[in-house]
Amino acid sequence: MHELSIAENLLELVDKYRAEKGFTRCSSIRLRIGLLAAVDEEALRFAVEALTEGGPDAGVSLEVERTFPLARCSCGNSFEVQDLIYLCERCGSTSARLSGGDELDILHLEVD
Ligand SMILES: [Zn+2]
């Protein structure tokens, strides 16, 4: 499962920061996830909950900021893509070029 390995990587990073900064508990993680990263938010929450259970970060809250790619169509129209299936509202083309929206970043950790 894609989300499980993302959660594992995420918590490894938290542990790395913990070793560097010397905090006890991470209480909140703020993430930026782009549509094209194709992350199921519920599955990610579930994986983080399962992996932190019984440890110092149990109950950590996950705040997710979603981002969406910008499509530029050959007809000159540009628009934000909210869904993986998209078409240009102006000309109906499905081949607009996408940029951005593939982020998977940690923005902020709240620690005690
Ligand atoms: Zn178009």
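Small disclaimer: the values here were computed from a predicted structure and weren't measured. (Residues numbered from 1 in each chain as written. Predicted model: local features only at pLDDT ≥ 70, side-chain atom pairs only at ≥ 80, totals over all residues. Heavy atoms only, no water.)

### Quick look at the nonpolar core
In this structure, Ile29, Leu31, Ile33, Leu44, Val48 and Leu62 are the most contacted members of the largest nonpolar core, which totals 17 residues. Elements supplying a minimum of two residues to this core: α1 (2-21), β1 (26-34), α2 (41-52) and β2 (61-67). Every residue in contact with Leu44, bar those within four places of it in the chain, is listed here: Glu3, Ile6, Ala7, Leu31, Ile33, Val39 and Leu62. (Core = buried A, V, L, I, M, F, W, Y, C linked by side-chain atoms within 4.5 Å. Buried < 20%, exposed > 50% of the residue type's maximum accessible area, 1.4 Å probe, protein only. Helix = DSSP H or I, 4+ residues; strand = E, 2+ residues; numbered from the N terminus. Contact = heavy atoms within 4.5 Å.)

### What about unusual backbone geometry?
With phi around 50°, Ala38 is a residue other than glycine that occupies positive phi space. Along the polypeptide, Ala38 turns up in the loop between β1 and α2.

### Describing the sheet that holds β2
One open sheet holds the three strands; their spatial order is β2-β1-β6, and the pairing between them is mixed. Each end of this open sheet is capped by a strand with a single partner; those strands are β2 and β6 (104-111). Strand-to-strand twist of the sheet, defined as the mean angle between neighbouring strand axes without regard to direction, takes the value 15°. Across seven bridges, the pairing between β1 and β6 is antiparallel. Bridging from a neighbouring strand, Arg30 pairs with His108 of β6. Across the sheet, α2 is in contact with β1 and β2; its angle to β2 comes to roughly 155°. (Pairing = 2+ DSSP bridges. Axes fitted to C-alpha atoms, helices over the stretch in contact; angles between N-to-C directions.)

### A look at the UniProt feature "binding site: Ni(2+)" (unreviewed entry) in the protein
The sites that UniProt annotates as "binding site: Ni(2+)" (unreviewed entry) are His2. Within the secondary structure, His2 is located in helix α1. Those residues in contact with His2, other than ones at most four positions away along the chain, are Ala37, Ala38 and Val39. (UniProt positions renumbered as here; feature names shortened; annotations may be inferred.)

### Some details on the side chain of Asn77
Inspection of the secondary structure puts Asn77 in the loop between β3 (70-72) and β4 (78-80). Among all residues touching Asn77, those that are not within four sequence positions of it are Ala71, Arg72, Cys88, Glu89 and Arg90.

### Focus on the UniProt feature "binding site: Zn(2+)" (unreviewed entry) in the protein
With numbering aligned to this structure, UniProt lists the feature "binding site: Zn(2+)" (unreviewed entry) at Cys73, Cys75, Cys88 and Cys91. In sequence the annotated residues extend across 19 residues, while in space they remain close, none of their C-alpha pairs exceeding 8.8 Å. As for its position among the elements, Cys75 is in the loop between β3 and β4. Judged by its relative accessible area of 28%, Cys75 is partly exposed. If near-sequence neighbours (up to four positions away) are discounted, Cys75 is found in contact with Cys88, Arg90 and Cys91. Tracing the backbone through its elements, the reader meets Cys88 in the loop between β4 and β5 (97-99). Classification of Cys88 by relative accessible area gives buried; the value is 1%. Dropping the residues within four chain positions of it, Cys88 is found in contact with Cys73, Cys75, Asn77, Phe79 and Ser93.

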